[in-house]
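Inside the fold
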Amino acid sequence: MITETLSSPGIESRHFMIRAFLKWGALAALVGMSLYLILALYAQREFVFAMLFLVLTASAVMVFFNRKLYAHRYIFPAIAGMGLFVIFPLMYTIGIGFTNYSASNLLSFGQVQENLLSRTYQSEAVRYDYELYKTNAGYIVHLKGKHQNLTSAPMDLEAGETTAPVLPLSGQPRGEALGIRDIIQLRELLAKVTLITEDGRELSQASLRSFAAIHPQFSQHDNGSLTDNQSGTTYFPDHETGFYRSADGETLSPGWTVNIGWDNYLKVVSDPTIRGPFFQIFVWTLSFAVATVIFTLALGLLLANLLQWDQIRGKGFYRTMLILPYAVPAFISILVFKGLFNQNFGEINLVLEGLFGLRPDWFSDPALARTMILIVNTWLGYPYMMLLCMGLLQAIPKDLYEASAMDGAGPVSNLFNITLPLIIKPLMPLLIASFAFNFNNFVLIALLTGGAPDIIGASTPAGTTDLLVSYTYRIAFQDSGQNFGLAAAIATAIFLVVGALSLVNLKLSKIKV
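Keep in mind it's a predicted model, so treat the numbers as computed, not measured.

Focus on the sheet that holds strand β10 (residues 226-228)
- Spatial strand order, β9-β10-β11-β12-β13: five strands in an open sheet with antiparallel pairing. If you trace the sheet from one side to the other, it starts and ends with β9 (218-220) and β13 (251-252), each paired once.
- Of the pairings in the sheet, the one linking strand β11 (residues 234-238) to strand β12 (residues 243-245) comprises three bridges and is antiparallel in character. Across the sheet, residue Phe236 finds its bridge partner in β12, namely Arg245.

A short note on the layout of surface pockets
- When its volume is computed, the largest pocket comes out at roughly 890 Å³.
- Surrounding the largest pocket, 26 residues form its lining, Asn305, Gln308, Trp309, Tyr401 and Thr419 being those nearest its centre.
- Elements that contribute at least two residues to the lining of the largest pocket include exactly α9 (272-307), α10 (315-327), α13 (366-394), α14 (398-406) and α15 (411-439).
- Of all the elements, α9 adds the most residues to the lining of the largest pocket, at seven residues.

Considering the pattern of salt bridges
- Following the criterion strictly, the structure yields six salt bridges and no others.
- Between Asp199 and Arg201 there is a salt bridge, with the nearest N and O atoms lying 3.1 Å from each other.
- The exposure class of Asp199 is exposed, given its relative accessible area of 53%.
- Between Asp454 and Arg474 there is a salt bridge, and its shortest N-O distance comes to 3.4 Å.

Notes on the pairing of strand β8 (residues 210-216)
- Strand direction decides the pairing type here: strand β1 (residues 120-135) and β8, joined by seven bridges, are antiparallel. For Tyr121, the partnering residue across the bridge sits in β8 and is His215.
- Here four bridges tie strand β7 (residues 202-207) to β8, and the two strands are oriented antiparallel to one another. When the sheet's bridge partners are listed, Ser204 is paired in β8 with Ala212.

Observations concerning the packing of α9 against α13
- Direction vectors running N to C along α9 and α13 enclose 45 degrees, while the axes themselves pass 6 Å from each other. It follows that α9 is oblique to α13 by the angle criterion. For the crossing formed where α9 meets α13, the hand is right-handed.
- Residue composition of the contact of α9 with α13, grouped by class: 18 nonpolar, eight polar and one charged.

Digging into the packing of α9 against α15
- Close contact between α9 and α15 brings their axes to 10 Å; oriented N to C, the two are set at 140 degrees. Considered as vectors, α9 and α15 are oriented oblique to each other. In the packing of α9 onto α15, the handedness of the crossing is right-handed. Along the contact surface, α9 presents Phe282, Thr285, Leu286, Phe288, Ala289, Val290, Thr292, Val293, Leu297, Leu301 and Asn305, while α15 presents Leu415, Thr419, Leu420, Ile423, Leu427, Leu431, Ser434, Phe435, Asn438 and Phe439.
- Per-class residue counts for the contact of α9 with α15 are 15 nonpolar, six polar and no charged.

Describing the environment of Leu107
- With respect to the secondary-structure elements, Leu107 resides in the loop between α4 (76-96) and α5 (109-117).
- Accessibility expressed as a relative area gives 28% for Leu107, which makes it partly exposed.
- Sequence spacing of Leu107 and Gly255 is 148 residues, and the spatial spacing of their C-alpha atoms is 6.8 Å.
- The residues contacting Leu107, other than those within four sequence positions of it, are Val112, Pro254, Gly255, Trp256 and Thr257.

Let's talk about the pairing of β7
- In this structure, strand β6 (residues 194-196) lies alongside β7, joined through three bridges in antiparallel fashion. Bridge pairing in β7 places Ile196 opposite Glu202.
- Linking β6 to β7, which pair antiparallel, is a turn of five residues; within it Gly200 sits at a positive phi near 90 degrees.
- Connecting the antiparallel pair β7 and β8 is a turn made up of two residues.

Observations concerning unusual backbone geometry
- Cis geometry marks the peptide bond from Ser253 to Pro254; its omega dihedral reads 5 degrees.
- Within the secondary structure, Pro254 is located in the loop between β13 and α8 (263-270).
- Omega for the bond connecting Ala452 with Pro453 falls within 30 degrees of zero, at -5 degrees, which places this linkage in the cis form.
- If you trace the backbone, Pro453 turns up in the loop between α16 (442-448) and α17 (468-477).

Structural notes on α17
- With respect to burial, α17 is a largely interior element, seven of its ten residues being buried.
- All of the buried residues along α17 are Leu468, Ser470, Tyr471, Thr472, Arg474, Ile475 and Ala476.

Quick word on the confidence of the model for the protein chain
- Averaged over all residues, the pLDDT of the protein chain is 88; the fraction at 70 or higher stands at 96%.
- Taken as a whole, residues 1-7 scores under 50 in pLDDT and shows three contacts with residues more than four places along the chain or in a different chain.

Description of the side chain of Ser470
- Summarising the element assignment, Ser470 is placed in helix α17.
- Only 2.7 Å separates the side chain of Ser470 from the side chain of Asp466, close enough to count as a polar contact.
- With residues up to four places along the chain from it excluded, the contact list for Ser470 reads Phe442 and Ile445.

The rules we used
For every chain, the first residue of the written sequence is number 1, and numbering continues from 1 onward in sequence order. Local features in this predicted model are restricted to residues whose pLDDT is 70 or higher, and side-chain atom pairs enter the listing and the counts only when it is 80 or higher, whereas totals over whole chains, interfaces and linings include all residues. In computing side-chain properties, one takes all heavy atoms of the structure into account and sets aside hydrogens as well as water. Two strands pair under a simple rule: DSSP has to find at least two bridges between them. Secondary structure elements are taken from DSSP: a helix is a run of H or I of four residues or more, a strand is a run of E of two residues or more, and numbering for both begins at the N terminus. In the cavity and pocket records, a cavity denotes points on a 1 Å grid over the protein atoms alone where a 1.4 Å probe fits but cannot get out, a pocket denotes an open set with protein on both sides within 12 Å along at least 5 of 7 lines, and lining residues are residues with an atom within 4 Å of a point. Grid points are joined across faces, edges and corners, and a volume is the space filled by probe spheres set on the points. Any carboxyl oxygen of Asp or Glu that lies within 4 Å of a side-chain nitrogen of Lys or Arg is treated as forming a salt bridge with it. Exposed residues in this analysis have more than 50% of their type's maximum accessible area, buried residues have under 20%, and partly exposed residues fall in between, with area computed by a 1.4 Å probe over protein chains only. Only the stretch in contact is used when fitting a helix axis, every axis being a line fitted to C-alpha atoms; angles between N-to-C directions are given from 0 to 180 degrees. Angles are sorted into four bins: roughly parallel if under 35 degrees, roughly antiparallel if over 145, roughly perpendicular if 65 to 115, and oblique for all others. Helix crossings fall into two classes, left-handed where the near helix is turned counterclockwise from the far one by less than a right angle and right-handed where it is turned clockwise. Just so you know the grouping, Ala, Val, Leu, Ile, Met, Phe, Trp, Tyr, Cys and Pro go in nonpolar, Asp, Glu, Lys and Arg go in charged, and all remaining residues, Gly too, go in polar. A contact between two residues is defined here by any heavy atoms of the two lying within 4.5 Å. By definition, pLDDT measures how confident the predictor is in each residue, and it falls between 0 and 100. N or O atoms closer than or at 3.5 Å make up a polar contact, with two conditions inside protein: a donor-capable atom paired with an acceptor-capable one, and, for residues adjacent in sequence, both atoms drawn from side chains.

Laid out in structure tokens, this is it:
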């Protein structure tokens, strides 16, 4: 009886309606939130991001509401995430590389116009000394001019009243005259006060002791040009450079973002002050990545072979101690090494001076700085290679080494004739990954040397120990101009170089892509 009641059509229909309501309600809420985000981005003039979320929302609705695309809804979150966090940033960076986007060219043309037209200046010709009086009705500003005195209506400054008319007054206003100490205490409220004369002029506080007339800094003409009302200079919009420019070449800041084509990419090749440091940093980056892979592999393989030696006791202890550098966070190890290599107080220089009378300039000499970086990175990377090699060595049959020993071969011969040929192929993808990681090893450079010592003659911030990634970061965020467009162009070049080198390595290792 109970079973029949629970399985009745009415209850099943009710459950179906509840599930449908929850499903469609949740989807409607998500779509509503997405639309609100899109409208908010559009209102903030972030058109690219608004379009991105509009495309993602539309595609999500299409996938989840279309029965023909039912199978795609399970893979859609992964595709959307890849588009949002990988493809879009990459395309956005490439797009910025074709613009003059920088600290001085952040805004759009309309925003630049609004900024310039909102500027004002205070006239020195219309300037009054003033006294501030306190009355029961509020504060009164008494302006003292050469030909006449003006007095404002009482204002309640604490209540936010900041506008009042001023009228001629022959005598002194009523109330208590305040001293300079009281005026200083009220300076923030007085800075917001606007006094309006009979002829419509607006006066604002120019200093602690004077008020002056306010005038617009620029006047706009029908052809889009702006005239500076103070100097009389006319500025015309230059959409090639993204600045308002006068006839004699003077520019107004801020500028706006414009498309400059391949200029940023050509600068890397044509400008000697950029081309020289860029190629020097590129060669060092490539050398650093290759040398790091070789050194870490050599040290890791050597230690892995020693730990496989049957005559060594306490292998577990040695294995644990050798893996410790991999367990300690990299930034802690880097900062420790930075102290150890300190030129004046570091323990390494103290030992070298005590033994050999040497005190190397690790952070000032380019060659020594690069050597120090390779030493530190080898220490950080060898445990990973050691773990990989230990696992691969376990897979090599011991019969091969026994047969080699019967033929009189030694450890070096076994290394190059048996061990390396058998482990290098499975190691190759991991070596390529290690190369790609070290090609963009930003943390090591940023914490250890900061790119120093600097390259002399470079027009952009560039150091002899900079990798391409740290060089790009310094151009984007540490340069006085913060040239995001040039940094984006270099970042695009880094992506192409790393991608090309990875493909070449994959082809050389005969791994199908």
